[in-house]
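Residues per chain, in single letters:
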Amino acid sequence: MFRDDTLNNVLGALEGKDLMCAIKDMENYLAAHPHQINSDRLFAIKTDYQMMIDYWRKGYKDPELPQLYHKLLHRMYVLYANVMTNARVLQSPLMASLFMKAHLSPRDWSVQVVREQLEKFVSDIALLELEPQHTVKERRKAMHQQHTQLMTELFAHILTADLWTDGQGESIEQLLLSPTVDSADQQLIVSAITLASMNCYDMVKFRTLIHVYQQSTDEYVRQRALFGWVFSLDNELEEFLFPEMRTLVEQTVQNPNCMKELIELQEQFFYCLSADEDRNTIAKEIMPELLKNQQKMQHRDEQEQDEENILNDILHPDAEEQEFEKLENTFHRMIDMQKQGSDVYFGGFSQMKRYPFFNEISNWFTPFFTDHPGVAHTWDKYGNVKFLSSILEFGPFCNSDKYSFLLAFETVLNGIPENVRQMLDRGEAVMYQKLGTEEMSTPAYIRRIYLQDMFRFFRLNPLRNEFKNVFEKDSFQSMFITRTAFDNTDIQAHFKEVVAFLIKRNQKNYAKDLLANWFEEKYHDYDYYMLKGYLGDNVEDSYRKALELNPQSERALLGLARIWFKHMDYEKALDAYNQLLEMNADKKSYQLNKAICLTNLCRFEEAEQILFRLNFEDADNLHVVRVLAWALTGDGKYEQAGRLYDQLLAQENPEDSDSINYGFYLWFTGKIDDAANCFRSYVTNAKPKDERWATLHSIIYKESDLLEMKGVTDREIQMMIDWVDVYNA
């Protein structure tokens, strides 16, 4: 994306409300990049500011001075934004081509003329019904060709034009709310406004988008406008130049439905960001399982019923049904991901955006319709295939993917066996989740589809870097609900829901960022502190506060027990587990953890009472066996401990801790060489050579209290370390 240091200095000065500094920086820029009209505008701003200074010097006290100064800042920002847009056009081949497309056109771009052309198209299409059938097809094709050209040029014009005046904004707003303009045209115009406003903030465009979101009765237009104003928000400009931004946002979110949609949009946005992870899940887990089960079923159908198969049918009569069920469950796993909001088709369709159709930037955002000149020929050829018409009408695909599918259909069809093609023609083969009209018309679904269109553009378009990419991971834009424009709203009441969502999606870093922006203390309830503790933010204090707010909370007390145990404060941890057992006496994990605390406090007999009972109740529980073996070792009951270590080390893959503990057991029973071999084997296999000495030290000195209790001296400890001789191992 284009940047210029001098223009950045102008913006920085404006954000600091330093008009004269902004004027001087702009003078420097225009000296290097002469432009008469912009120089005249700058001179007018400078003259008006000088006049303001002159009146002040003469002792005039103008009560309107702050407002006048603010207006000058606004004028200076408009000049900066227009200069920046022009500079971007000059520096970018893409923006230059869009500029030429719009400005070399003989069209009149006044809003009134554009609106008349859009309304005429709607009426002309309606009147086609009255014309003779043999002329309708060609007339329709010609009309759509002309209209698509108009919309392509209008899209380019909006992207490269100067900032709007208030009058232009009001006229565009009325156009976007008019029932006499086609919804598809309104949607495409909203997308153009969005890209333009994201690239260079325009208060009038922002106001237009938020008004359209508030007032439009067309859900497709509303949801595009929602995305537009949300991702046009600018913290610095809102604070220093455009307080109206915050006012408009606060008015809008008073509607409970708006707040609900904002939270849904935030969650849906993160589903898009997780597209790569979802693609990996599908490629590595779901598709191999699908193919494996499908091949099994195909093999079963094709093979002859020999004696072995007949015997299998007798011995395992449910095997075939179970394979069908497994295949169905695997398929439904992907469908469930899609229903939850995952962009499950991104991986496949990302390879289908190289058609010339996508060279035109506006086509990435155009609502799908089969009369589009870029796909009309293919539709004429294959539109009678029921599978194709069904998938385009009821398939859960975004507009961009529908265009890709239609463009690729001829290639796809040629690779399909004849019998399957016949099934497709009859509409008998369904390889996707078919959606109902009611579901497809919900705001959440419409918004998700548009997000996926946007995501594909910002991920796959070769020229995407010409625009501010809100889909960059770790982008400040990603967590839009933390924008300062929302500070005086109740949006933080919904942060809990988003944090929990992010944790479930394994996006803990984003969850921590959101938690850090959750500053309204009135929303710091029990759940807030539990989430804070879970995410590792001031853990002990967080769980304490959660417990103060809910003294009977087993989860909060367990959180404290775990953090105390982690910090080796076993007395506190033991006390916590005693309290937990008062709440839930039968919980085996609490009993085991209490026994571990007792063992670490060298209270071996008390630990053994618990552990023997747990071992009797579940002799195969190796966690219990492990702790019991260590407790018996500490208590000097080596014969019993030895039998348990035999059981633990007989496992196919013994735990590292079992090998280490067994080394201490051998040491305490006087088998020094065997103990050294045990330690040596562990550190040699588990650690790189340069880490072995430190690891051995850590292992041995961690048990210094037990070693002292067993009468092992510091010199003996050092000799064990030397005998292990990890450097030469």
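For the structure given in this document, a descriptive report is provided here. (Residues numbered from 1 in each chain as written. Predicted model: local features only at pLDDT ≥ 70, side-chain atom pairs only at ≥ 80, totals over all residues. Heavy atoms only, no water.)

With that settled, the discussion passes to the environment of serine 659. Mapped onto the fold, serine 659 is located in helix H35 (residues 656–668). Distance from serine 659 to tyrosine 682, taken between C-alpha atoms, is 7.0 Å for residues 23 residues apart in sequence. Contacts of serine 659, omitting those with residues within four sequence positions, involve Leu649 and Cys678. (Helix = DSSP H or I, 4+ residues; strand = E, 2+ residues; numbered from the N terminus. Contact = heavy atoms within 4.5 Å.)

What follows concerns unusual backbone geometry. Not every positive phi belongs to a glycine, and asparagine 538 is a case in point at roughly 50°. Note on placement: asparagine 538 falls in the loop between helix H27 (526–534) and helix H28 (539–549). Positive phi, close to 60°, is recorded for methionine 568, a residue that is not glycine. Its place among the elements puts methionine 568 in the loop between helix H29 (554–566) and helix H30 (570–583).

This brings us to the packing of helix H8 (residues 166–177) against helix H10 (residues 203–215). For the pair H8 and H10, the least separation of the axes is 9 Å and the interaxial angle reads 25°. Put simply, H8 runs roughly parallel to H10. Handedness of the crossing formed by H8 with H10: right-handed. Packed against H8, whose contacting residues are Asp166, Gly169, Ile172, Glu173, Leu176 and Leu177, the element H10 presents Val204, Arg207, Thr208, His211, Val212 and Gln215 at the interface. Of the residues assigned to the contact of H8 with H10, the class counts are five nonpolar, four polar and three charged. (Axes fitted to C-alpha atoms, helices over the stretch in contact; angles between N-to-C directions. Parallel < 35°, antiparallel > 145°, perpendicular 65-115°, else oblique. Left-handed = near helix turned anticlockwise from the far one by under 90°. Nonpolar A, V, L, I, M, F, W, Y, C, P; charged D, E, K, R; others polar.)

This brings us to helix H11 (residues 219–230). Between the first and last C-alpha of H11 there are 16 Å, a value that for twelve residues agrees with the 16 Å anticipated at 1.5 Å per step. Turning to H11, its buried residues are Val221, Arg222, Gln223, Arg224, Ala225, Leu226, Phe227, Gly228, Trp229 and Val230. Where H11 begins, one side-chain oxygen reaches toward the backbone nitrogen of tyrosine 220, 2.9 Å away; that side chain belongs to aspartate 218. (Expected span 1.5 Å × (residues − 1). Buried < 20%, exposed > 50% of the residue type's maximum accessible area, 1.4 Å probe, protein only. Polar contact = N/O pair within 3.5 Å; in protein donor to acceptor, adjacent residues only side chain to side chain.)

A few words on the packing of aromatic side chains. Evaluation of the coordinates by the stated rule reveals 49 aromatic pairs. Taken together, a centroid distance of 5.2 Å and an interplanar angle of 70° make the contact between tyrosine 271 and phenylalanine 501 edge-to-face. Pair noted here: tyrosine 271 is in helix H14 (residues 256–273) and phenylalanine 501 is in helix H25 (residues 495–504), with a separation of 230 residues, a long-range link. Just as tyrosine 271 is buried, phenylalanine 501 falls in that class too. (Phe/Tyr/Trp six-rings, centres within 6.5 Å; stacked < 30°, edge-to-face > 60°.)

Helix length check: helix H3 (residues 36–57), at 22 residues, gives a terminal C-alpha distance of 31 Å against a target of 32 Å (1.5 Å per residue), a fit within 8%. Residues of H3 that are buried include every one of Asn38, Leu42, Ile45, Tyr49 and Met52, and no others. One side of H3 holds all its buried residues, which, seen down the axis, span an arc of 80°. Turned more than 90 degrees from where H3 packs its buried face, Gln36, Phe43 and Arg57 sit exposed. In this structure, the buried side of H3 is in contact with helix H2 (19–32) and helix H4 (65–91). Positive phi appears at glycine 59, one or two residues downstream of H3, with a value of about 95°. (Arc of directions from axis to C-beta.)

With 213 residues, the main nonpolar core has Met26, Met76, Tyr77, Trp229, Phe471 and Trp667 as its most contacted residues. For this core, the leading source of residues is H4, giving twelve residues. Dropping the residues within four chain positions of it, tryptophan 229 is found in contact with Phe206, Leu209, Ile210, Tyr213, Val249, Thr252, Cys258, Leu262 and Phe486. Judged by nonpolar contacts, the second largest core, of six residues, contains Cys398, Leu435, Met440 and Ile449. (Core = buried A, V, L, I, M, F, W, Y, C linked by side-chain atoms within 4.5 Å.)

Further remarks concern a nonpolar patch on the surface. A cluster of nonpolar side chains, Met51, Tyr55 and Tyr60, forms an exposed patch at the surface whose accessible area comes to about 360 Å². Mapping tyrosine 60 onto the fold places it in the loop between H3 and H4. Relative accessible area serves as the criterion here: at 52%, tyrosine 60 is assigned to the exposed category. (Patch = residues over 30% accessible without salt bridge, like charges linked within 9 Å, V, L, I, M, F, W, Y side chains within 5 Å. Areas by Shrake-Rupley, 256 points an atom, 1.4 Å probe, with all protein chains shown as cover. Salt bridge = Lys/Arg side-chain N within 4 Å of Asp/Glu carboxyl O.)

Before going further, it helps to spend a moment on the pattern of salt bridges. Side chains that carry opposite charge are capable of pairing whenever their charged atoms lie near each other. One pass over the structure, following the stated rule, counts 33 salt bridges. One salt bridge connects arginine 246 with aspartate 487, and the closest N-O pair in it is separated by 3.9 Å. Separated by 241 residues along the polypeptide, arginine 246 in helix H13 (residues 243–252) and aspartate 487 in the loop between helix H24 (443–460) and H25 bring together distant segments of the chain. We note a salt bridge from arginine 603 to glutamate 606, for which the minimum N-O separation is 2.9 Å. For arginine 603, a relative accessible area of 31% puts it in the partly exposed group. Counted as one network, the salt bridges with shared partners bring together Glu219, Arg222, Lys260, Glu261, Glu264 and Arg447.

To continue, consider the packing of helix H36 (residues 672–686) against helix H37 (residues 689–702). H37 packs onto H36 with a crossing angle of 130° between their chain directions and a minimal axis gap of 10 Å. Judged by the angle between their axes, H36 and H37 are oblique. In the crossing of H36 with H37, the sense of the turn from one axis to the other is right-handed. Contacts between H36 and H37 involve Phe679, Tyr682, Val683 and Thr684 from the former and Arg692, Thr695, Leu696 and Ile699 from the latter. Taken together, the residues of the contact of H36 with H37 sort by class into five nonpolar, two polar and one charged.

Function cannot be read off these values alone, since they describe shape.
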